[in-house]
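Coordinate inspection notes
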Amino acid sequence: IFFRSTTRLHMMATSGIAPPVAAKKPHTLQFGHVDGENRGPKPMDPPIETEDVYYWMRDDDRSNPEVIAHLNAENDYTTAMTKSLEPFQEQLYKEMKGHLQETDEDYPYPHGDYLYYTKTEEGKSYKVHCRRPAAGGPEEVVLDENVEAEGLPYFEVGTVKPSPTHQKLVYTVDTKGHEDYQMVIKDLQTGARIETVPGQCSGEAEWGDDEHLYYLRRDENHREYQVWRHQLGADTGDVLLLEETDGLFTVDIYKSQSGRFLMADVESKETTETAILDLETDGPTGAFQVLQKRKFGVKYDVGHRGEFLYMRTNRGSEAQNFTILCRPVAEAAAAWQPLEGFAYDAKRYVTRVLCLKDHLAVFGRQDGFTKMWVLAMGEQGHVVEKCTEVAFEAFPCTVQCSVNKLFDTHTVRVGYQSLVDPESVVDVDLNTLEKVVRKQKQVPNYDRSLYSTCVIHAKARDGTEIPVSIHYRKDLHKEGRPEPLMLYGYGSYGACMDPRFRIADLSLVDRGVVHAVANIRGGGEMGMGWYEDQGKYFTKMNTFTDFIDVADHLVSQKWTTPDQMAIHGRSAGGLLIGAVVNMRPDLCKVALAGVPFVDVMCTMRDPSIPLTILEWEEWGNPNERDYYDYMNQYSPVDNVTAQHYPAIFVTAGLHDPRVAYWEPAKWVAKLRDLKTDDNLVLLKMDMVAGHFSASDRYKYLRETAIDYAFVLEQLGLAPK
């Protein structure tokens, strides 16, 4: 059964206001071997050719007048078709803003001789970074983002880090939304800028000492591939320390918690190789040394404490959910050995190891949810004296490592939240396991007692149990009575959609909408096998069918009906939405797709598009026959057909480097051309933002209010 919309927007859709009609210009796409292009190791030869009549929408410079005119026309149409919702959008915005503690201050974290924190002020869009002496003293403003952002339509800070002596600051800023950052160095004693480093960087930076910085540069495909050293005030130019030429790999840098080592992780979706620079022995001008050469399928990262290095690794297929190995720092030729007292457990997924002077704080997952273990270490660095799980009361909840800058400490700070509990800052005593809540985020006009959360399981078509996190307002919910429901999903990259509190969702739940999150395969909620074995490459279809099966389960168990259901996903979650509405257009009343990765085949064939080569180890390479056939089954743009579709609201950013704007633009054009119903398909293109929507916190809430007004109107929950 397909449900026809009877909303005001449906009446607008049939009122004679015509949507933009994209021109069709034949263009041949080639899948397989192309002279002079990197199409992977096994491209088809001869290549397969297909036609893409909307290929002309691609403009790498974002300046083609015809393209810009088309996108502006899409925005004008969306504005016209949602004009009647503007009062409701404003109402939702005020509600969301009413739950925002506009003037607020994070609980400070110790770092050197200071306590650092950020704060926000009513009416100001961005954070203010501050510190004060730990021994007592006045507040110092380290960086006021509002001052830096003045007059700019987009402003995003990548990193903010004080130097080892805390006398200087490095910060990186993106003013275009394209994730290209400028690196700025500031004197914290005078407040003056010391330098603006020429060129663009990735947004990440690390100090060696107060005179040396390390940062990353990107290639023409937006891939982090070089590590550079910058010396403050030097006339000799920056020094290239490491370069990765394989297009499958990117480079990342970070310092060990001890501060002794600078790590450079060279990693693909399947493989890692880490090089370290010993700042204590070799100084900031030293060279990187590879710890363990790359081997396909082996992933790892490294930490340090005392005389030992600690490796979190999957050992290839031997420890898919990761184990911890160690070896002495001084014995470079020594074999890595298992950490005694913390044996590999296939049911426990280790996601992070925080190395401290006397402990290892281990974060991970078990039974689908986040966990924390404390390993008390003795004098022998390879032996765990005691392993204890830290218990947290609420369930389901999310526990994650927070900001921890100290090495010689017996306290670890974690963040703790659920779908109905705002985030708390909790300090855990590693000796006693005592937990002290330092601060819970204040949410005005919110009564926790009115809301409830639970986890149910839906059976997929192959019998696999799919966890679903649900929350709702108790006084508006009645078991066994179908109710409006928003189902969210992602299901890619092994990313986990853990329970998180979002003030915007209160505008749904307070209107009787049940909010559900499907932890489908392709994510990492149930461990790496949930991703690597069951939701990637040639098992990717599980991601889409799991979501459909969850939705059908919610209907069969009378949580909702198709005519009361909305579905939502962003980025790779937008791919999910695009695939699902092709496969089961009757599943829901309305779909919300943010920056959706929908032109899978065209994008993944083309190595000139930023990040494409990297993604071959996520989705597969459609220039190879097997992947061509498999990916072609679900690529949303390629599977739009002449059938009824639900109402669809699509958002995107012109400067998005991750999912290019032309993907959602092409998808919307093809949907309008082929679909057989009169439900709305709208595209809202942010002409100044990138992948992560608005950087201004107030504008972000306004954008969300526009999204949710459309959804609620389609569900019949907007004011009459």
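Let me begin by describing the structure that accompanies this report. (Residues numbered from 1 in each chain as written. Predicted model: local features only at pLDDT ≥ 70, side-chain atom pairs only at ≥ 80, totals over all residues. Heavy atoms only, no water.)

1. What to know about the nonpolar core
Counting 87 residues, the largest nonpolar core has L487, I567 and W667 as the members making the most contacts within it. If near-sequence neighbours (up to four positions away) are discounted, I567 is found in contact with M486, L487, F547, I577, V580, V581, C588, V590, A591 and L592. One finds V420, L682, L701 and L715 within the second-largest nonpolar core, a separate group that totals 38 residues. (Core = buried A, V, L, I, M, F, W, Y, C linked by side-chain atoms within 4.5 Å. Buried < 20%, exposed > 50% of the residue type's maximum accessible area, 1.4 Å probe, protein only. Contact = heavy atoms within 4.5 Å.)

2. Digging into the packing of helix α7 (residues 541-556) against helix α8 (residues 572-583)
Running from amino to carboxyl end, α7 crosses α8 at an angle of 65 degrees, the nearest separation of the two axes being 10 Å. As far as their axial angle goes, α8 and α7 are roughly perpendicular. At the point where α7 passes α8, the crossing takes the right-handed sense. When α7 is examined against α8, the residues M541, T543, F544, T545, F547 and I548 are found in contact with a partner set consisting of L575, L576, I577, A579, V580 and M583. Classifying every residue of the contact of α7 with α8 gives ten nonpolar, two polar and no charged. (Axes fitted to C-alpha atoms, helices over the stretch in contact; angles between N-to-C directions. Helix = DSSP H or I, 4+ residues; strand = E, 2+ residues; numbered from the N terminus. Parallel < 35°, antiparallel > 145°, perpendicular 65-115°, else oblique. Left-handed = near helix turned anticlockwise from the far one by under 90°. Nonpolar A, V, L, I, M, F, W, Y, C, P; charged D, E, K, R; others polar.)

3. Some points on the environment of N431
Take N431: it is sitting in the loop between β30 (424-429) and β31 (435-440). Setting aside residues no more than four positions away along its own chain, N431 makes contact with H359 and H410. Of the polar contacts made by the side chain of N431, one reaches the side chain of H359; its length is 3.3 Å. (Polar contact = N/O pair within 3.5 Å; in protein donor to acceptor, adjacent residues only side chain to side chain.)

4. Section: the pattern of salt bridges
Across all of its chains, the model carries 54 salt bridges by this definition. For the salt bridge of K666 with D52, the shortest nitrogen-to-oxygen distance reads 2.6 Å. Within this pair, whereas K666 is found in helix α12 (residues 662-674), its partner D52 is found in the loop between β2 (48-51) and α2 (65-81), the two being separated by 614 residues in sequence. Taken as a pair, K666 and D52 share a single burial class, namely buried. K161 is paired through a salt bridge with E204; the nearest N and O atoms lie 2.7 Å apart. Of this pair, K161 sits in strand β8 (residues 156-162) while E204 sits in the loop between β11 (193-201) and β12 (205-209); the two residues are 43 residues apart in sequence, bridging distant segments of the chain. Overall, the relative accessible area of 16% leaves K161 in the buried class. Using a relative accessible area of 23% as the deciding quantity, one classes E204 as partly exposed. Taken together, the shared-partner salt bridges connect R58, D60, R605 and D606 into one network. (Salt bridge = Lys/Arg side-chain N within 4 Å of Asp/Glu carboxyl O.)

By themselves, these figures tell us nothing about what the structure is for.
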